[in-house]
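# Per-entry structural report
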Amino acid sequence: MLRANKKNVIIKVMETIIKKIDKNQIDENIIREAGEILREGGLVAFPTETVYGLGANALDEEAARKTYAAKGRPSDNPLIVHIADFDDLDEITMNVPPETEALAQRFWPGPLTMIFEKSRLVPYGTTGGLETVAVRMPSDPIAKELILAAGGYVSAPSANTSGRPSPTTAEHVWEDLNGKIEMIIDGGSVDIGLESTIVDMTVTPPMILRPGAITADMLEEVIGVVSVDETILGSESNQPPKAPGMKYRHYAPKAKLTIVQGSLKEEVFAIRQLAYEKARQGKTIGIIGTDETVEFYTHGLIKNIGSRENEKTIARNLYRILREFDEEDVSEIYSESFAIQGIGNAIMNRLEKAAGHCRIPASVITKEQKYRRIVFVSNTDTCRGPVAAQILKKQNLEQEYWIDSKGMVVLFPEPVNQKAEAIMKSNQMSLEGYTSRKLTQRDLNPDTLVLTMGMNQKEKILAEYEHSEEAYTDNVYTLNEFVGDNLEIPDPYGQPLTAYGECYEKITLLIEKLAKILNSFTKGGQ
Ligand code: AMP
Ligand code: MG
């Protein structure tokens, strides 16, 4: 196809064909067509179990050059050669160490790449000028068939534009490479979602250059001690990484990504606070949360990356989520962190690279905060408490608080009193859908400010919990005591609507004072 660019110079644009294949019923005609393209020196993107690969004939120097051009990848960054038959390894390598067979038996086909001395058959174009070659045998049946159809040796870096997150669907490949390659084989979403583990077999003991789904422990079970390239995690090392590709800022989303580190609870509080501050400036931050935490975020654009109970889901979703954020108008992205064990090691490695190693301890953000949660306590949690909580939420607070209300006597959940709701409505607020809840000792914490409507609730709380080991009662005040006012808030229950109106006015006055006091804490007044 011919197309004019901005300067009206006619340039050649390639037509990229997309073909869908069902893994369980592979269409041999498509495989034959794709194999033919590869044999003739063209480029075909295809699914593997790790990420989508950009396939080319690995023994053809010119095809390697095209691969680098299509990806915009620096040509000193070598390609991995994919094979479909263990016996083919001999042809492209030399001095293969004895441990190789055991590793291949256990992990091939699968997400393990091994580096060996290369034979003369492999051009320097494929190895980025190195005397070594990286080899993998993928388990995806489409990949296997395609490699065989192409002649046995297919170089396949991830099928993305260099620097973008690796593709885990055919749509991602299309976004990056449409018009630059001959064909995309669409085999649906990939299984693992992170690139293979790379192990250098030319050194003793073998060394992991890139973490992946096959962990150090899994390798050691088969061949004993392995070492790990110390540049893999963290920014502390001055050494260049041993896999040339690991030195590039990879996998990066457009918005700046920061990893927040601490206990999970601290991380959530810190990200909540960051999201809240930005929202006050009219900005939206992106948040990478998990099944376990997403419900706790109230501001920002929140994406659920998966379950901490099943880190495979997190690995599978990471690149998709980073790509999705590129389409969103977010000023920055903050992510929770993940345990560095099992596949978590590979997840954190990719996340760190996407973040350009930018991390902050959660405690830096949360340490100024004396109170994180404010709970208003009334008798039944059907009127004054929920009203106070709702009014406080509408105040201009400089810090994010978890604002709540509880009752002293709640036998079963009840909706808010109808007269209270009528007053709220006339003030453009509503408590529709709210149901009352009982105060428990879990509400009495060092980070929670407990404000009762009157003296009798405070006295009851102290009488019940003051001597309990698990309850913290130093933060229990009456609302008027805390704001330094002697205005009482009588319970309007059973009285006419006007009494509810007066009650609302009184609560509003006290809450406005409360907001000022809370804001003075953030300014360093505490
Ligand atoms: P990708 O194909 O996008 O998964 O990237 C391939 C990765 O393998 C890059 O990080 C390369 O630097 C690394 N790699 C490939 N061949 C070698 C080799 N011979 N020695 C060290 N690293 C290699
Ligand atoms: Mg890549």
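The structure this text deals with has already been given above.
The paragraphs below set out a description of the structure included in this document.

Basis of the calculations
- Residues numbered from 1 in each chain as written.
- Chains lettered and ligands numbered in written order.
- Predicted model: local features only at pLDDT ≥ 70, side-chain atom pairs only at ≥ 80, totals over all residues.
- Heavy atoms only, no water.
- Patch = residues over 30% accessible without salt bridge, like charges linked within 9 Å, V, L, I, M, F, W, Y side chains within 5 Å.
- Areas by Shrake-Rupley, 256 points an atom, 1.4 Å probe, with all protein chains shown as cover.
- Salt bridge = Lys/Arg side-chain N within 4 Å of Asp/Glu carboxyl O.
- Helix = DSSP H or I, 4+ residues; strand = E, 2+ residues; numbered from the N terminus.
- Near = heavy atom within 4 Å.
- Polar contact = N/O pair within 3.5 Å; in protein donor to acceptor, adjacent residues only side chain to side chain.
- 1 Å grid on protein atoms, 1.4 Å probe; cavity = no way out; pocket = protein on both sides within 12 Å on 5 of 7 lines; lining within 4 Å.
- Sits in = over half its atoms within 2 Å of the grid points.
- Nonpolar A, V, L, I, M, F, W, Y, C, P; charged D, E, K, R; others polar.
- Buried < 20%, exposed > 50% of the residue type's maximum accessible area, 1.4 Å probe, protein only.
- Pairing = 2+ DSSP bridges.
- Right-handed = clockwise from strand over helix to strand, strands pointing away.
- Disulfide = S-S within 2.5 Å.
- Points joined across faces, edges and corners; volume = space filled by probe spheres on them.
- Contact = heavy atoms within 4.5 Å.
- Axes fitted to C-alpha atoms, helices over the stretch in contact; angles between N-to-C directions.
- Parallel < 35°, antiparallel > 145°, perpendicular 65-115°, else oblique.
- Left-handed = near helix turned anticlockwise from the far one by under 90°.
- Core = buried A, V, L, I, M, F, W, Y, C linked by side-chain atoms within 4.5 Å.

### Side note on a nonpolar patch on the surface
On the surface, Val409, Leu411 and Phe412 cluster together to form a nonpolar patch covering roughly 360 Å² of accessible area. Here Val409 is to be found in the loop between strand E21 (402–407) and helix H14 (418–426).

### Describing the site of ligand 1
Ligand 1 sits among 19 residues. The nearest are Asn77, Thr132, Pro157, Arg210 and Gly245. Between an oxygen atom of ligand 1 and a side-chain N or O atom of Arg73, the distance comes to 3.1 Å. Arg210 is positioned with one of its side-chain polar atoms (N or O) 3.0 Å from an oxygen atom of ligand 1. Among the cavities detected, the one that contains ligand 1 is the largest pocket. Among the secondary structure elements, those contributing two or more residues to the shell around ligand 1 are strand E9 (132–136) and strand E13 (207–210). Grouping the constituent residues of the shell around ligand 1 by class yields twelve nonpolar, four polar and three charged.

### Looking at the pairing of strand E11 (residues 183–186)
Residues Met183 and Ile185 of E11 are buried on one face, and the alternating residues Ile184 and Asp186, pointing to the opposite face, are buried as well. Relative to E11, strand E3 (residues 17–20) runs parallel, the two sharing four bridges. Residue Ile18 lies in a different strand from E11, and its bridge partner there is Ile184. One ladder, built from two bridges, connects strand E4 (residues 44–46) with E11; its direction is parallel. By the bridge assignment for E11, Ala45 is matched with Ile184.

### Some points on the pairing of E21
The buried fraction of E21 amounts to five of the six residues, a majority that puts the element mostly inside the structure. The sheet contact formed by strand E20 (residues 373–378) and E21 spans six bridges and is parallel. Its bridge partner being in E21, Ile374 is matched across the sheet by Ile403. For the crossover that starts at E20, traverses helix H13 (residues 384–393) and ends in the parallel E21, the hand is right-handed.

### Side note on the state of the cysteines
Taken as a whole and assessed by the stated rule, the structure comprises zero disulfides. This cysteine, Cys383, is not joined by any disulfide, and Cys503 carries the nearest cysteine sulfur, 5.3 Å off. When its relative accessible area of 11% is taken as the criterion, Cys383 is described as buried.

### Examining the layout of surface pockets
One number sums up the size of the largest pocket: a volume of about 570 Å³. Broken down by secondary-structure element, the contributors of at least two residues to the lining of the largest pocket are strand E6 (80–82), E9, strand E12 (197–200) and E13. Top element by residues in the lining of the largest pocket is E9. It accounts for four residues. Within the lining of the largest pocket, the residues separate by chemical class into 17 nonpolar, 15 polar and seven charged.

### Description of the environment of Ile181
Assignment of secondary structure puts Ile181 in the loop between helix H7 (170–177) and E11. For the pair Ile181 and Leu43, spaced 138 residues apart in the sequence, the C-alpha separation amounts to 5.3 Å. If near-sequence neighbours (up to four positions away) are discounted, Ile181 is found in contact with Met14, Glu15, Thr16, Leu43, Ala45, Leu54, Ala70 and Val173.

### Examining the packing of helix H1 (residues 28–39) against helix H6 (residues 141–150)
Between H1 and H6, the least distance of the axes is 8 Å, while the angle of their chain directions is 50 degrees. Taken together, the axes of H1 and H6 lie oblique to each other. The element H1 and its partner H6 pack so that their crossing is right-handed. Contacts between H1 and H6 involve Glu28, Ile31, Ala34, Gly35, Leu38 and Arg39 from the former and Ile142, Glu145, Leu146, Leu148, Ala149 and Ala150 from the latter.

### As for the nonpolar core
Residues Phe376, Leu392, Leu479, Ile511, Leu514 and Leu518 are the most contacted members of the largest nonpolar core, which totals 37 residues. When contributions to this core are tallied by element, the ones reaching two or more residues are E20, H13, H14, strand E22 (448–452), helix H16 (479–483) and helix H17 (497–525). A per-element tally of this core places H17 first, with ten residues. If sequence neighbours within four positions are ignored, Leu392 has contacts with Ile374, Phe376, Leu397, Ile403, Ile511, Leu514 and Leu518. With 26 residues, the next largest nonpolar core counts Ile259, Ile288, Met348 and Leu351 among its residues.

By themselves, these observations are geometric and do not establish any function.
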